[in-house]
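# Chains, contacts and geometry: an overview
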Amino acid sequence: GLKVAPFYGCHILRPADVIGFDDPENPHSFEDLIVTLGAEPVKYEGRVKCCGFPILFVKEGPANKMAGLQLQEAVNEGADVMATPCPLCHISLDTYQSSAAKEVEKDLHLPVLHLPQLIGLALGFKKDDLGLSRHMVSADSVLRKIPV
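The shown structure was predicted, so the numbers you read here are calculated from the model rather than taken from an experiment. (Residues numbered from 1 in each chain as written. Predicted model: local features only at pLDDT ≥ 70, side-chain atom pairs only at ≥ 80, totals over all residues. Heavy atoms only, no water.)

With that settled, the discussion passes to unusual backbone geometry. Despite not being glycine, E105 shows a phi value in the positive range, around 55 degrees. If you check the backbone angles, H109 has positive phi at about 50 degrees while not being a glycine. Within the secondary structure layout, H109 lies in the loop between α5 (97-104) and β4 (112-114). (Helix = DSSP H or I, 4+ residues; strand = E, 2+ residues; numbered from the N terminus.)

On to the sheet that holds β4, then. Pairing within the open sheet is parallel, and its four strands lie in the order β2-β1-β3-β4. In this open sheet, the two edge strands, each paired with only one partner strand, are β2 (40-41) and β4. Bridging between strand β1 (residues 3-6) and β2 involves two bridges; their strand directions are parallel. If you follow K3 over to β2, its bridge partner there is E40. The sheet strands contacting helix α4 (residues 87-95) are β3 (81-84) and β4, and the helix crosses β4 at an angle near 160 degrees. (Pairing = 2+ DSSP bridges. Contact = heavy atoms within 4.5 Å. Axes fitted to C-alpha atoms, helices over the stretch in contact; angles between N-to-C directions.)

Quick look at the packing of aromatic side chains now. As enumerated under the stated definition, the model contains three aromatic pairs in all. Joined through ring pairs, the aromatic side chains of F53, F57 and Y96 make up one cluster. (Phe/Tyr/Trp six-rings, centres within 6.5 Å; stacked < 30°, edge-to-face > 60°.)

Taken together, the side chains of V18, I19 and F21 define a hydrophobic patch exposed on the protein surface, amounting to about 270 Å² of accessible area. With respect to the helices and strands, the residue F21 is situated in the loop between α1 (16-19) and α2 (29-36). (Patch = residues over 30% accessible without salt bridge, like charges linked within 9 Å, V, L, I, M, F, W, Y side chains within 5 Å. Areas by Shrake-Rupley, 256 points an atom, 1.4 Å probe, with all protein chains shown as cover. Salt bridge = Lys/Arg side-chain N within 4 Å of Asp/Glu carboxyl O.)

Right, let's talk about the side chain of Q70 for a bit. When you line up the elements, Q70 lands in helix α3 (residues 60-76). In terms of polar contacts, Q70 uses its side chain to reach the backbone carbonyl oxygen of C50, at 3.4 Å. With near-sequence residues (within four places) excluded, Q70 lies in contact with F7, Y44, G46, K49, C50 and M82. (Polar contact = N/O pair within 3.5 Å; in protein donor to acceptor, adjacent residues only side chain to side chain.)

Next up on the list: the side chain of D94. As for its position among the elements, D94 is in helix α4. One buried charged side chain, D94, makes no salt bridge at all; its nearest oppositely charged neighbour is R134, positioned 11 Å away. From its side chain, D94 meets the backbone nitrogen of V137 in a polar contact 3.0 Å long. Residue contacts for D94: discarding those within four places in its chain leaves V112, H135, M136 and V137. (Buried < 20%, exposed > 50% of the residue type's maximum accessible area, 1.4 Å probe, protein only. Lys, Arg positive; Asp, Glu negative; His and termini not counted.)

Dropping the structure here:
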């Protein structure tokens, strides 16, 4: 019953002619993995957009707004959690989520997992083994939805 919003970000898909991974406009590989792990993927447009990290230390407000818009869209579509394969996206979407929430004027509180953490949870790893206590946004709501 866990609804996972995949966040590809921009660098895993682009430049498409160099990366050659999935369809940059309508990818499915992350959603396929989420289903294989036993969760339900949440489809939303922002999953292939930029998290804002590349400009975070130059234009903090616009960067946080970019992250906030992606997070808000995932929340609006019913996500329990967001997951990303990109460590920089993880930083932007988790560590800076309170700033992102201020930029979009919404309470977000959406846990964000790094892809290996999502896989670890599906394999039965414990919270402490996955470093979930280090997240800025608590993952406890996720843990309550899955048998760990």
